[in-house]
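Residue strings, one per chain:
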Amino acid sequence: MDIHTLMEKGAEHWRLLLKAWEELGERPRRQERLAELFHMAKKSLGDLVTGEIKLADAETLLSHNREALLELLTALAKYLDGLDRAATNLVSIIETQVRTYNEAAERSRNFLLLCRHCGLIGSAEVSTAGLAVLERDRQKSLKRLQWLNVEDRWWCPKLKAINDLPSCEIFKRIVIRWAKDEEALTAESDADSEEEGGALEGEAPQHDERSHLDVLNTEMDGGFLFDASKMLQSFFDEFVSECKTLAETSVTNLEFDRVSELIPMEEASEVREHLSVANKASGVGFPELLQRTLQMAARVPRAAADLEAVHTAAGVLGMRAGKTEVEQLKSWAKKISVPGAYRIPVTSLAKSVEDADVVLGKLATKVVGPAAGCIPIARNLAEAKDLYEFLKSLLDEDLLQLQDSMESHSDELLRMDTIFALDDVRRLFKALTKRRFRMDFADALLESVQD
């Protein structure tokens, strides 16, 4: 049993230990197990007092009930050399030392992660070395860590916002822009292959600490990560400036190519998250109108594809698809796929998506049956021309009657579940054609799936 186990079991255990030690005189000292426990507690707490306790052990000790730890320190004070201050003050000092180190270590990890995500040359080797050093730090004493002054490591930024920057696309693009000018990027395939967060995962090579420190020290001689660490504040100032400009510019004056240089616009569902991360890191708030407009503009490619599918599906059934301009959306989608080729106002893109939502908004509505709405059904119907031609003459037939033949011929030619699926499609086609001349395709599809 060690001191941590003793603390986990509760204050009553060490109170009994002290009581036996204090009240039974010399007899308990001749009991080997009792003496061993007492000296173990004295040694662990003595290391805490002198700063010789390892960081990992200090964290474990501090994770126990604070009041019980204070009581134990006070009770053992006369046996502990160097305890010349109140137990409360000592614990507060130790807590501050542990917290200060952990904050510095977190900033270091996030700086290394940022460099990996940006694909800087040397980031893989340096980050592996840095993580190995941080891991070994946990086995060093608090006194030793204070002497090392880990906050002065070149790869430990003073910038507190660093913890939010590895996941901030706007900031990463500023760093990458600098790295491209400096030819500091790894091969594109290497940078792109890193999964989010995966850059710092995996077991580090088994080298001694000196070899890892050599890697980190060598980077100071003209390495790109070292240069980036010195420019971090400059990058951050530019980042805040870019965020302010974006937030303060009227949406009517924003062009898509300029916005897409800052924010990934490939996934509309992620646009707000990118802005939220940038807001947390920079402290700059982005107006709701801006967020909504950019999210709508980012939907252009998907909206164009969905609306085209709706028009195609309506054409298969000979129905009206509404008054939306699918060609305009397709044109926008093609233009914005070429970065910088067209200076298109984001408001124009958003307006086209709003127009498309006259139809798509209906189909996206969750209805009884399909949880994701009817747009996936419309996409499938757009590719069902041959199936419709096959079933058109059978719309009034009950295909489930084929079950009898299936039972006699087993499933050699056609599976039973295929018959059920075909009959479901037949009933949908029949419901749609019944509404063909009195409503447009979107309304007809919404009613039909609920029949």
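Data block above holds the structure.
Attention here is on the structure that accompanies the text. Residues take numbers from 1 onward in each chain, read along the sequence in its written order. It should be noted that, the model being predicted, local features are given only for residues of pLDDT at least 70 and side-chain atom pairs only at 80 or more, the latter also being counted only at that level, while totals for whole chains, interfaces and linings use all residues. Based on all heavy atoms of the structure, the side-chain values leave hydrogens and waters out of the count.

What about the overall build of the protein chain?
Short version of the rule: Secondary structure is summarised from DSSP: a helix means a run of H or I of at least four residues, a strand means a run of E of at least two, and numbering begins at the N terminus for each. Each residue gets one of three labels from its accessible area relative to the maximum for its type: buried under 20%, exposed over 50%, partly exposed in between, using a 1.4 Å probe on protein chains only. Contact criterion: two residues are considered in contact whenever any of their non-hydrogen atoms come within 4.5 Å of each other. All accessible areas in this document rest on Shrake-Rupley with a 1.4 Å probe, and a residue is counted as covered only by the protein chains that are shown.
Scanning the protein chain from terminus to terminus reveals 23 helices and zero strands. Taken over 451 residues, the protein chain has a buried fraction of 45%. Long-range pairs, those at least 24 residues apart, make up 74% of the contacts in the protein chain between residues at least 6 apart in sequence. Summing over all exposed atoms, the protein chain offers an accessible surface of approximately 24100 Å²; the carbon and sulfur share of this is 49%.

Observations concerning the environment of Y101
Tracing the sequence through the fold places Y101 in helix α6 (residues 87–118). Y101 sits in the buried class, given a relative accessible area of 6%. For the pair Y101 and L55, spaced 46 residues apart in sequence, the C-alpha to C-alpha distance is 9.0 Å. For Y101, the residues in contact, after removing those within four places along its chain, are L55, L134, D137, L145 and V150.

Some points on the packing of helix α14 (residues 268–282) against helix α15 (residues 288–298)
Condition: Geometry is summarised by axes, namely lines fitted to C-alpha atoms with helices restricted to the contacting stretch, and by angles between N-to-C directions that run from 0 to 180 degrees. For classification purposes, angles smaller than 35 degrees are called roughly parallel, those larger than 145 roughly antiparallel, those between 65 and 115 roughly perpendicular, and all remaining angles oblique. The handedness criterion is simple: a crossing whose near helix is rotated anticlockwise from the far helix by less than a right angle is left-handed, and one whose near helix is rotated clockwise is right-handed. By the convention adopted, Pro, Cys, Tyr, Trp, Phe, Met, Ile, Leu, Val and Ala count as nonpolar, Lys, Arg, Asp and Glu as charged, and the other residues, Gly among them, as polar.
At a closest axis distance of 8 Å, the pairing of α14 and α15 adopts a crossing angle of 150°. The angle between the axes of α14 and α15 places the two elements in the roughly antiparallel class. Along this stretch, α14 crosses α15, giving a crossing that reads as right-handed. Here A268, S269, V271, R272 and L275 of α14 come into contact with α15, specifically with E288, Q291, R292, L294, Q295 and A298. Residues that form the contact of α14 with α15 fall into these classes: five nonpolar, three polar and three charged.

Some words on the pattern of salt bridges
The following threshold applies: The term salt bridge refers to a pairing of a side-chain nitrogen on Lys or Arg with a carboxyl oxygen on Asp or Glu at a separation within 4 Å.
Overall, the coordinates contain 28 salt bridges when judged by the stated rule. Among the salt bridges present, the one from R292 reaches E288, with a minimum N-O distance of 3.7 Å. With R292 and E288 both in helix α15 and four residues apart, this pair spans about one turn of that helix. With relative accessibility at 41%, the residue E288 sits in the partly exposed group. A cluster of three or more residues bridged by salt bridges with shared partners is formed by R177, E238, E242, R258 and E261.

Side note on the packing of aromatic side chains
Here is the rule: Aromatic contacts are taken between Phe, Tyr and Trp rings whose centres are within 6.5 Å, Trp giving its six-membered ring; a plane angle under 30 degrees counts as stacked, one over 60 as edge-to-face, and the others as tilted.
Going through the model one piece at a time under the given rule, you end up with six aromatic pairs. Between W154 and F226 the ring centres are 5.7 Å apart and the planes differ by 75°, which places this aromatic pair in the edge-to-face class. With W154 in the loop between α8 (142–148) and α9 (169–181) and F226 in helix α12 (residues 224–248), the pair connects residues that are 72 residues apart, well separated along the chain. Accessibility classification places W154 together with F226 in one group, the buried group. Look at Y388 and F429: their rings are 5.0 Å apart centre to centre, the planes differ by 70°, and that puts the pair in the edge-to-face class.

Overview of the nonpolar core
Quick note on the threshold: Among buried residues, the Ala, Val, Leu, Ile, Met, Phe, Trp, Tyr and Cys ones that are joined through side-chain atoms within 4.5 Å form a nonpolar core.
In terms of nonpolar packing, the biggest core is built from 125 residues, with F171, F239, L363, F441 and L445 touching the most fellow members. In terms of residues, this core owes the most to one element, α6, which gives twelve residues. Sequence-distant contacts of F171, that is, excluding residues within four places in its chain, are made with L114, L165, L232, F235, F236 and F239.

A look at helix α17 (residues 326–336)
So the rule is basically this: This arc is taken over the directions from the axis of the helix to the C-beta atoms.
Among the residues of α17, V326, L329, W332, A333 and I336 are the ones counted as buried. When α17 is viewed along its axis, its buried side chains cluster within an angular range of 125° and face the same direction. Of the exposed residues in α17, those oriented more than 90 degrees away from the buried face are E327 and K334. Structurally, α17 contributes buried residues whose contacts are with α13 (256–262), α16 (300–317) and α18 (346–364).

Observations concerning the packing of helix α7 (residues 123–137) against helix α11 (residues 209–219)
Packing of α7 against α11 brings their axes to within 9 Å, and their N-to-C directions diverge by 130°. The pairing of α7 with α11 is recorded here as oblique in orientation. Along this stretch, α7 crosses α11, giving a crossing that reads as left-handed. Note on element contacts: α11 touches α7 through E209, H212, L213, V215, L216 and E219, opposite E125, V126, A129, G130, A132, V133 and R136. Class assignment of the residues belonging to the contact of α7 with α11 gives a composition of seven nonpolar, two polar and four charged.

Read these as layout, nothing more, since geometry by itself doesn't imply function.
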